[in-house]
Amino acid sequence: MNASAEMMSGNARPEEFDRWFDTRFDERMAQMENEHVPSMTIIATKGSLDMAYPPFILASTAAALGWDVSIFFTFYGLSLLKKELELEISPLGNPAMPMKMPFGPQWLRNVDMNIPNLVMANIPGFEKMATGMMKKTMNEKGIASIEELRSLSIEAGVDLVACQMTVDLYNMAREDFIPEISDWIGAASFLPKAQKSDVSLFV
Amino acid sequence: MHHTDTPTKKLDARGLNCPLPILRSRKALGAMHKGDVLEVKSTDPGSIKDLDAFCRQTGNEMLQSTDDNGEFVFLLRKS
């Protein structure tokens, strides 16, 4: 007769039953923890080049760790799902962003140029230039492009969902977005998924 | 079953930054058999701790992690 059957026979003493229960409970909990697939839901709301990185780095890495990942793209985050990515950075009003030269001698590269907002706001093409410099630096340092991280995320099975309301709000065309988007939904559809996930992030 | 530590596949992740060494390792392991050994070379200092964490989470075994003057060599056994 195994331990469980002995307990069921009614002959077990209360302290034996408690011991048996504790052991079984620990075993079952350990088994459940082992079998549990971690999950993560991310809400991506930003559409600039720098802020495109966190959701795709976290999503692709989590997927590589075997997690179940879903990203909900809303508002400016939707631009991360465009077929043609035209992401830019703006140093304007972003005081923590280092402005460094991606070329020239090392002493010059190390200088963090402190450019006043007034200047940044008035030079035409300043953001284009800053974006170009950032992309060059990233490329030199072996940082993946957003295109690459996005396709790696898709390949790893990350679920990409888009906010329907944003598309309506800005009169966006669905044809401009990548076909890998699994669904066009609203907050009420995304929240139940977020509720059940182990990690939920707002970026 | 007999295992050797001789890598059956080599991955050159030198010059790549976080999270690419992890993503490439995962991809390489995906195409390998259980018990096979993958050699990963990288230069990203963050990859030492990250590959370790990757192995702990995915159950793959880190057989070796060495630092050869800023070039890191890892041996991973697929679980």
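Note that this is a predicted model, so its numbers are computed, not measured.

1. Concerning the overall build of chain A
(1) Moving on: Summing up its helical and strand segments, chain A has 9 helices and 5 strands in all.
(2) Moving on: Shown N-terminal to C-terminal, the secondary structure of chain A runs as helices and strands in the order α-α-β-α-β-α-α-α-α-β-α-β-α-β.
(3) Moving on: The C-alpha atoms of chain A give a radius of gyration of 25 Å, which is well past the 17 Å a tight globule of 203 residues would have.
(4) Moving on: Across its three principal axes, chain A shows a C-alpha extent of roughly 85 × 45 × 30 Å.
(5) Moving on: Residue pairs at least 24 apart in sequence account for 74% of intrachain contacts in chain A once pairs closer than 6 positions are excluded.

2. Observations concerning the sheet that holds strand β3 (residues 159-163) of chain A
All names here are of chain A.
(1) Moving on: What the 5 strands build is an open sheet, ordered β4-β3-β2-β1-β5; its pairing is parallel. Because the sheet does not close on itself, it has two edges, and the strands there are β4 (183-185) and β5 (199-202). Taking each pair of neighbouring strands and ignoring which way they run, the sheet shows an average axis angle of 20°.
(2) Moving on: Here strand β1 (residues 39-44) runs beside strand β2 (residues 68-73); their pairing, made up of 6 bridges, is parallel. Bridge pairing in β2 places Thr41 opposite Ser70.

3. Examining the sheet that holds strand β3 (residues 61-68) of chain B
Residues and elements named next belong to chain B.
(1) Moving on: Strand order in the open sheet formed by 4 strands is β1-β2-β4-β3, with mixed pairing between adjacent strands. Edge positions in the sheet fall to β1 (9-13) and β3, since each has one partner strand and no second. Across this sheet, the average inter-strand angle for adjacent strands is 15°, counted without regard to direction.
(2) Moving on: In this structure, β1 lies alongside strand β2 (residues 37-42), joined through 5 bridges in parallel fashion. Residue pairing for β2: Leu11 is matched across the bridge by Val40.
(3) Moving on: Running at roughly 160° to β1, helix α1 (residues 20-30) makes contact with β1, β2 and β4 (71-77) of the sheet.
(4) Moving on: Here helix α2 (residues 46-58) sits on the sheet and contacts β2, β3 and β4; the angle it forms with β3, its principal contact strand, is near 175°.

4. Details of helix α3 (residues 49-64) of chain A
Residue and element names in this part refer to chain A.
(1) Moving on: Spanning 16 residues, α3 covers 23 Å between terminal C-alpha atoms, matching the ideal 22 Å at 1.5 Å per step.
(2) Moving on: Among the 16 residues in α3, 12 count as buried, and that is most of the element.
(3) Moving on: Residues Leu49, Ala52, Pro55, Phe56, Ile57, Leu58, Ala59, Ser60, Thr61, Ala62, Ala63 and Ala64 constitute the buried set of α3.
(4) Moving on: Of the residues trailing α3, Gly66 is marked for its positive phi of about 90°.

5. Looking at the interface of chain B and chain A
(1) Moving on: Counting from both sides, the interface comprises 11 residues of chain B and, opposite them, 11 residues of chain A.
(2) Moving on: Those elements that provide at least two residues to the side of chain B that touches chain A are α1 and α2 of chain B.
(3) Moving on: If one sorts the elements of the side of chain B that touches chain A by residue count, α1(B) sits on top with 4 residues.
(4) Moving on: In terms of residue class, the side of chain B that touches chain A is made up of 6 nonpolar, 4 polar and 1 charged.

6. What to know about the UniProt feature "domain: UPF0033" (unreviewed entry) in chain B
(1) Moving on: The residues that UniProt annotates with the feature "domain: UPF0033" (unreviewed entry) are residues 11-35 of chain B.
(2) Moving on: Counted over residues 11-35 of chain B, helix gives 44% and strand 12%. Its end C-alpha atoms are 17 Å apart.

7. What to know about the packing of α3(A) against helix α7 (residues 146-155) of chain A
Any two packed helices are characterised by the angle at which their axes cross and by the distance between the axes.
Residues and elements named next belong to chain A.
(1) Moving on: Taken N-terminus to C-terminus, the directions of α3 and α7 make an angle of 35°; their axes are 9 Å apart at the nearest point. Note that α3 runs across α7; the crossing there is left-handed. Contacts between α3 and α7 involve Ala52, Phe56, Ile57, Ala59, Ser60 and Ala63 on the former and, on the latter, Ile146, Leu149, Arg150, Leu152 and Ser153.

8. What to know about the nonpolar core
(1) Moving on: Ala59(A), Ala63(A), Val69(A), Ile71(A) and Phe73(A) are the most contacted members of the largest nonpolar core, which has 49 residues in total.
(2) Moving on: Residues in contact with Val69(A), not counting those within four places in the same chain, are Met40(A), Ala59(A), Ala62(A), Ala63(A), Val158(A) and Asp159(A).

Definitions and cut-offs
- Here the residue numbers are simple positions, counted from 1 along each chain's written sequence.
- Chain letters and ligand numbers both follow the written order, the letters beginning at A and the numbers at 1.
- The predicted nature of this model means local features are confined to residues of pLDDT at least 70 and side-chain atom pairs, given and counted, to a pLDDT of 80 or more, with totals for whole chains, interfaces and linings taken over all residues.
- Secondary structure follows DSSP: runs of H or I at least 4 residues long count as helices, runs of E at least 2 residues long count as strands, and numbering of each begins at the N terminus.
- As defined in this context, the radius of gyration uses C-alpha atoms, and a globule is described by 2.2 Å times the residue total to the power 0.38.
- Note on contacts: each residue gets a C-beta atom placed from the backbone, and two residues are in contact if those atoms are within 7 Å.
- Between any two strands, pairing holds if DSSP finds at least two bridges.
- Axis angles are defined between N-to-C directions and span 0 to 180 degrees, where every axis is a line fitted to C-alpha atoms and, for a helix, only to the segment in contact.
- One less than the residue count of a helix, multiplied by 1.5 Å, gives the span that helix is expected to have.
- Counting other C-beta atoms within 10 Å of a residue's own tells you its class, since 20 or more makes it buried, 12 or fewer makes it exposed, and anything in between is partly exposed; those C-beta atoms are placed from the backbone.
- In this count, Pro and Cys sit with the nonpolar residues alongside Ala, Val, Leu, Ile, Met, Phe, Trp and Tyr, while Asp, Glu, Lys and Arg are called charged and the others, Gly among them, polar.
- UniProt positions are given in the numbering used here, feature names are shortened, and annotations may be inferred rather than shown by experiment.
- In this scheme, a crossing is called left-handed if the near helix is turned counterclockwise away from the far one by less than a right angle; it is called right-handed if the turn is clockwise.
- By our criterion, buried Ala, Val, Leu, Ile, Met, Phe, Trp, Tyr and Cys residues that link up through C-beta atoms within 7 Å make up a nonpolar core.

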